[in-house]
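An overview of the molecular structure
Read off the chains here:
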Amino acid sequence: MQRAALLDAARSLLSEGGTDALTFPALAERTGLARSSVYEYFRSRAAVVEELCEVDFPVWAAEVEAAMADADGAGEKIEAYVRKQLELVGDRRHRAVVAISASELDAGAREKIRAAHGGLIALIVEALAELGHAEPRLTAMLLQGVVDAAVRRVELGAAEHPDTITAAAISMALRGVRG
């Protein structure tokens, strides 16, 4: 329960103040633990980040996968893939992941993020192959780049409404730059 409370506090700190806010004194204060107790659970800030990735990325990917499973046909699956990721932007877990991704991380944490993104990308490869893409994995990586750009736009509080950004990202995913 303590570990879960620490991870929950870490999510809050990351989503409120980015990686600079994620400190052991702040974790201790949020959870009511002594600072030394935090070190009993995590050896470093990077270890907190790694565990958040291990816990939160699979949940996020499962939500995207479930949305895709409810869709019929390759086009609808691609739309669900894009739409669900953009719906999750407001989720605290997602804000924490974005903060983590923007930070200076050690090699282990970066590898966990890369592996998690690889799992997310793998969800869409089959649908892209069904549409006849010669390089479905490459196309999936490029599609994820479009999603990542749309996520950043929403996160920045862009002038466009999030629904407009989502519609544009889906249009680009399904029809390219021709609209």
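Residues numbered from 1 in each chain as written. Predicted model: local features only at pLDDT ≥ 70, side-chain atom pairs only at ≥ 80, totals over all residues. Heavy atoms only, no water.

**Regarding the nonpolar core**
Counting residues in each nonpolar core, the largest one holds 50 residues, and the members touching the most others are Leu22, Leu27, Val48, Tyr81, Val82 and Ile124. Going through the elements one at a time, helix 1 (2-17), helix 2 (24-31), helix 4 (45-69), helix 5 (73-87), helix 7 (107-130), helix 8 (136-155) and helix 9 (162-175) are the ones with two or more residues in this core. The greatest single-element share of this core, amounting to ten residues, is contributed by helix 4. Each residue touching leucine 27, except ones within four places of it in the same chain, is listed here: Leu6, Ala9, Ala10, Leu13, Leu22, Val38 and Val48. (Core = buried A, V, L, I, M, F, W, Y, C linked by side-chain atoms within 4.5 Å. Buried < 20%, exposed > 50% of the residue type's maximum accessible area, 1.4 Å probe, protein only. Helix = DSSP H or I, 4+ residues; strand = E, 2+ residues; numbered from the N terminus. Contact = heavy atoms within 4.5 Å.)

**Focus: helix 9**
Between its first and last C-alpha atoms helix 9 spans 20 Å; for 14 residues at 1.5 Å apiece the expected length is 20 Å, and the two agree. Among the residues of helix 9, Ile165, Thr166, Ala169, Ile170 and Ser171 are the ones counted as buried. The secondary structure elements touched by the buried residues of helix 9 are helix 5 and helix 8. (Expected span 1.5 Å × (residues − 1).)

**Comments concerning the pattern of salt bridges**
By the definition in use, this model includes seven salt bridges. Of the charged contacts, one joins aspartate 56 and arginine 11 as a salt bridge, the two residues approaching to 2.8 Å between their closest N and O atoms. Of this pair, aspartate 56 sits in helix 4 while arginine 11 sits in helix 1, placing them 45 residues apart in sequence. With relative accessibility at 4%, the residue aspartate 56 sits in the buried group. Under the relative-accessibility criterion, arginine 11 is labelled buried at 10%. Salt-bridge contacts for glutamate 79 lead to arginine 83; the nearest nitrogen and oxygen are separated by 2.8 Å. Remark: arginine 83 and glutamate 79 occur in helix 5; sequence separation between them is four residues, near one turn of the helix. Using a relative accessible area of 27% as the deciding quantity, one classes glutamate 79 as partly exposed. (Salt bridge = Lys/Arg side-chain N within 4 Å of Asp/Glu carboxyl O.)

**Things to note about the packing of helix 1 against helix 2**
Relative orientation of the contacting elements helix 1 and helix 2 amounts to 120 degrees, with a least axis distance of 9 Å. Our pair here, helix 1 against helix 2, has a crossing hand that is right-handed. The residues of helix 2 that touch helix 1, namely those facing Ala5, Leu6, Ala9, Ala10, Ser12, Leu13 and Glu16, are Ala26, Leu27, Arg30 and Thr31. (Axes fitted to C-alpha atoms, helices over the stretch in contact; angles between N-to-C directions. Left-handed = near helix turned anticlockwise from the far one by under 90°.)

**Some remarks on the confidence of the model for the protein chain**
Of the residues in the protein chain, 90% have a pLDDT of 70 or more, and the chain-wide mean is 86. Confidence, expressed as mean pLDDT per element, reaches its minimum in the protein chain at helix 6 (residues 92-101) with 62 and its maximum at helix 5 with 95. (pLDDT = per-residue confidence, 0-100.)

**Structural notes on a nonpolar patch on the surface**
There is a patch of nonpolar side chains on the surface, built from Leu138, Met141 and Leu142 and spanning about 290 Å² of accessible area. Here leucine 138 falls in the partly exposed class, since its relative accessible area comes to 44%. (Patch = residues over 30% accessible without salt bridge, like charges linked within 9 Å, V, L, I, M, F, W, Y side chains within 5 Å. Areas by Shrake-Rupley, 256 points an atom, 1.4 Å probe, with all protein chains shown as cover.)

**Comments concerning helix 8**
For helix 8, with 20 residues, the first-to-last C-alpha span of 28 Å sits near the 28 Å given by 1.5 Å per residue. The positive-phi residue at the C-terminal boundary of helix 8 is glycine 157, with phi of around 70 degrees.

**A few points about the packing of helix 5 against helix 9**
Axis separation between helix 5 and helix 9 bottoms out at 10 Å; the angle between their running directions is 150 degrees. For the element pair helix 5 and helix 9, the recorded crossing hand is right-handed. For the pair formed by helix 5 and helix 9, the contact residues are Gly75, Ile78, Glu79, Val82, Arg83 and Leu86 on the first element and Thr166, Ala169, Ile170, Ala173 and Leu174 on the second. Residues belonging to the contact of helix 5 with helix 9 are distributed by class as follows: seven nonpolar, two polar and two charged. (Nonpolar A, V, L, I, M, F, W, Y, C, P; charged D, E, K, R; others polar.)

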